[in-house]
Amino acid sequence: MAQAGWSVLLIEGAQVPGGGVRSAELTLPGFIHDICSSVYPLTVCSPFFRNLSLEKYGLEMVFPQAALAHPFDDGTAAILHRSLEETEATLGRDGDNYRKLIAGFIPRWKDLLDDALAPIGFPRHPFFFAGFGRQAIRSARGIAYAYFRTEHARTFFGGMAAHSLLPLEKLTTAGAGMMLAILGHAVGWPFVRGGAQQLTNALLQLFRSLGGQFVTGCFVESLDQLPPARVVLLDVTPRQLLKIAGDRLPQSYQRKLSRFRYGMGVFKLDWALHHPIPWRASECAQAGTVHLSGTLDEICDSERSSWEGKACERPFVLLSQASLFDSTRAPAGKHTAWAYCHVPNGHNGDMTGAIENQIERFAPGFRECIAARSAMSPADLERRNPNLVGGDIGGGAAMLSQLFLRPTASLYRTPLKGVYLCSSSTPPIAGVHGMCGYFAAETALKRS
Ligand SMILES: Cc1cc2nc3c(=O)[nH]c(=O)nc-3n(C[C@H](O)[C@H](O)[C@H](O)COP(=O)(O)OP(=O)(O)OC[C@H]3O[C@@H](n4cnc5c(N)ncnc54)[C@H](O)[C@@H]3O)c2cc1C
């Protein structure tokens, strides 16, 4: 909106701006932890961010040698390298099958994202996108069995697909796995040097340079609190919109919003470490992100049970180890790590032991490296940011019925004149890519 010449006031409820893109010393002084998001393939490939030149405002992305490692109980690991050939070499007999699934999309990743990171409509590259969609619409488990013969390759693919925050038997979960693999080769899975907050800081500098103003620590309980404006864009999920707009919304729209389904929650740990994580498969130290589970069935059980409301004793764990590639994150010689597992929405159990057991399984001696830890349950996450309803980091479940028409068929528009939704509860999907806000702003500009 500011780029279009409008005068914009950004109102943030928290004391520190950034929402899902913040960092802080959560454990010990000198150890910088990303409170929410940390790994940014969607940011560097996003059509919105690609045009912002945030490096002018101090943003520096750090690209680990490999995007992802998935270690196995036999001491080996599958690795997502930038090079397709090197990745194939870690997948043994399934290297060729991986190539068949992914290779055709890598050179045209920008075309793919034009359509994948957009609300539903006629694709800009219809034949190419249909080729992707034919496989992406399937379940991750279905694709894993259709393409791969080895357990290792199936598990490797399943781990990437689990970023969909859905059981891997559900339609469209293959799409998340394919997209993250393609982006691993096309752009990598980078971190922000110095922590996620630096990305927010760079965005705010750009915003200020365009004349934007912002206030923090101003939590909006009702639309009546807002100063007069031609357009209001609300970065909230449906449950909050119901509270903020209250009875001004027609009953039928209120009913639709109240039927919106939230997804699984997250239980997150951050550690200050005396040493790097002692992976049994030493090549895991080349990767920024590490996925932890022994088999595809294990991931499927973990995701399905969380979806169905039961916490899993051996959860699928997503871990990132930014300080191996960014020495500004910890005092000299020390390290940080960040990990979470999916849990039932609003789950109030402690998953610390279950997550650390999974790390020990693939990195014996991990617990001896811990200098301090911070744990955040779904309720803690929601307290820090009310958009994380029940710990749901996706702004609502992204199953087929809520993937394209989010949160209702009117997408960004609400029945209230000049009031729009711009959060990850709108298309295309959760993640730090800015496209939900971009399309909300575009809709608002066109209509006014
Ligand atoms: C633990 C975790 C790990 C994640 N990892 C990744 C990752 O590695 N990569 C990735 O791409 N994505 C990741 N995500 C998802 C990503 O952070 C979100 O998809 C993204 O931040 C959503 O952006 P948003 O603008 O919709 O909401 P948010 O980033 O949540 O921002 C919403 C803002 O609105 C403010 N707000 C809400 N209600 C009010 C109110 N009533 N008044 C005033 N202010 C209000 C909040 O304080 C917040 O600052 C992760 C999320 C979490 C929680």
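Residues numbered from 1 in each chain as written. Predicted model: local features only at pLDDT ≥ 70, side-chain atom pairs only at ≥ 80, totals over all residues. Heavy atoms only, no water.

Right, let's get into the overall build of the chain. Broken down by element type, the chain carries 17 helices and 15 strands. With respect to the three principal axes, the spread of C-alpha positions in the chain is 60 × 50 × 45 Å. Relative to its 448 residues, the chain shows a buried fraction of 58%. Both charge centroids of the chain, one from 43 positive and one from 38 negative side chains, sit 8 Å from each other. (Helix = DSSP H or I, 4+ residues; strand = E, 2+ residues; numbered from the N terminus. Buried < 20%, exposed > 50% of the residue type's maximum accessible area, 1.4 Å probe, protein only. Lys, Arg positive; Asp, Glu negative; His and termini not counted. Charge placed at Lys NZ, Arg CZ, Asp CG, Glu CD.)

Moving on to helix α11 (residues 238–245). Listing the buried residues of α11 in full gives P238, Q240, L241, I244 and A245. Projected down its long axis, α11 carries its buried residues within an arc of 155°, all on one side. (Arc of directions from axis to C-beta.)

The subject of this paragraph is a nonpolar patch on the surface. A cluster of nonpolar side chains, I120, I137, L171, L400, F404 and L405, forms an exposed patch at the surface whose accessible area comes to about 510 Å². Its place among the elements puts I137 in the loop between α6 (126–136) and α7 (140–147). Owing to a relative accessible area of 34%, I137 belongs among the partly exposed residues under this scheme. (Patch = residues over 30% accessible without salt bridge, like charges linked within 9 Å, V, L, I, M, F, W, Y side chains within 5 Å. Areas by Shrake-Rupley, 256 points an atom, 1.4 Å probe, with all protein chains shown as cover. Salt bridge = Lys/Arg side-chain N within 4 Å of Asp/Glu carboxyl O.)

Our focus in this paragraph is the side chain of T155. With respect to the secondary-structure elements, T155 resides in helix α8 (residues 151–161). Apart from the residues within four sequence positions on either side, T155 is in contact with H70, F72, S293, G294, T295, L296 and I299. (Contact = heavy atoms within 4.5 Å.)

To continue, consider the nonpolar core. Judged by nonpolar contacts, the single largest core of 64 residues is most densely connected at Y98 and F157. No other element matches helix α9 (residues 173–186), which puts eight residues into this core. Residues V290, L292, F366 and I370 belong to the second largest nonpolar core, which totals 30 residues. (Core = buried A, V, L, I, M, F, W, Y, C linked by side-chain atoms within 4.5 Å.)

Our next topic: α8. Think of an α-helix as 3.6 residues a turn; residues three or four steps apart then line up on the same face. Burial of α8 is extensive: nine of the eleven residues sit out of reach of the surface. Buried within α8 we find A153, R154, T155, F156, F157, G158, G159, M160 and A161.

Turning to the side chain of S374, a few remarks are in order. Along the chain, S374 falls in strand β14 (residues 370–376). The class of S374 is buried, set by a relative accessible area of 11%. In contact with S374, not counting residues within four places along its chain, are L26, T27, K268, L269 and D270.

What follows deals with the pairing of strand β5 (residues 66–71). Two faces belong to every sheet, and in a regular strand the side chains alternate between them. By the criterion of burial, β5 is predominantly enclosed, with six of the six residues buried. Where β5 folds back on strand β6 (residues 77–81), the antiparallel hairpin that results is connected by five residues, among which G75 adopts a positive phi of roughly 90°. Both β5 and strand β11 (residues 287–292) contribute to a ladder of three bridges, which runs parallel. Bridging from a neighbouring strand, L68 pairs with T289 of β11. (Pairing = 2+ DSSP bridges.)

Two aromatic rings, taken as a pair, are described by how far apart their centres are and by the angle between their planes. Taken as a whole and assessed by the stated rule, the structure comprises twelve aromatic pairs. Centre to centre, the rings of F260 and Y262 are 5.5 Å apart; their planes meet at 85°, and the pair counts as edge-to-face. Across the pair, Y262 and F260 agree in class, each one buried. Cluster of aromatic residues (ring-pair linked, three or more members): F48, F49, Y438 and F439. Sitting over the face of the ring of F128, R108 holds its NZ or CZ atom 4.1 Å from the ring centroid. Note that R261 overlies the ring of W307, its terminal NZ or CZ placed 3.9 Å from the centroid. (Phe/Tyr/Trp six-rings, centres within 6.5 Å; stacked < 30°, edge-to-face > 60°. Lys NZ or Arg CZ within 6 Å of the ring centre and 35° of its normal.)

Attention shifts here to the site of the ligand. Neighbouring the ligand are 28 residues, the closest being E12, G20, D235, N385 and G431. G431 is positioned with one of its backbone polar atoms (N or O) 2.8 Å from an oxygen atom of the ligand. At 2.9 Å, a backbone N or O of V432 approaches an oxygen atom of the ligand. Protein contact buries 88% of the 990 Å² of open area that the ligand shows by itself. Listed by contribution, the elements that provide at least two residues to the shell around the ligand are α11 and β13 (335–343). Considering only residue class, the shell around the ligand consists of 14 nonpolar, eleven polar and three charged. (Near = heavy atom within 4 Å. Polar contact = N/O pair within 3.5 Å; in protein donor to acceptor, adjacent residues only side chain to side chain. Nonpolar A, V, L, I, M, F, W, Y, C, P; charged D, E, K, R; others polar.)

Turning next to the sheet that holds β6. Overall, mixed pairing links the seven strands, which are arranged β6-β5-β11-β12-β13-β10-β14 in an open sheet. Lying at the two open borders of the sheet, with one neighbouring strand each, are β6 and β14. Neighbour-to-neighbour, the strand axes of this sheet turn through a mean angle of 20°, independent of strand direction. Pairing between strand β10 (residues 265–273) and β13: nine bridges, direction antiparallel. (Axes fitted to C-alpha atoms, helices over the stretch in contact; angles between N-to-C directions.)

A separate point is the pairing of strand β12 (residues 317–320). Here β12 shows no split at all, with V317 and L319 on one side and L318 and S320 on the other all buried. Pairing of β11 with β12, which is carried by four bridges, proceeds in the antiparallel orientation. Across the sheet, the residue bridging to L292 is V317, located in β12.

The full count for this structure, using the stated rule, is zero disulfides. C45 takes part in no disulfide bond, and the closest cysteine sulfur, belonging to C436, lies 13 Å away. The exposure class assigned to C45 is buried, which follows from its relative accessible area of 0%. (Disulfide = S-S within 2.5 Å.)

The final tally for this structure, using the stated rule, is 20 salt bridges. Note that R361 and E298 form a salt bridge whose closest N and O atoms lie 2.9 Å from each other. Taken together, the positions of R361 in helix α14 (residues 352–362) and E298 in helix α13 (residues 296–307) put the pair 63 residues apart, joining distant regions of the chain. For R361, a relative accessible area of 12% puts it in the buried group. Among the residues examined, E298 registers a relative accessible area of 14% and is labelled buried. Across the pair R383 and D380 runs a salt bridge whose closest N-O atoms are separated by 2.4 Å. Taken together, the residues span about one helical turn, with R383 and D380 both in helix α15 (residues 378–384) at a distance of three residues. On the accessibility criterion, R383 (63% relative accessible area) is exposed. The class of D380 is partly exposed, set by a relative accessible area of 24%. By sharing partners, the salt bridges in this structure join D34, E60, R193, D326 and R329 into a single network.

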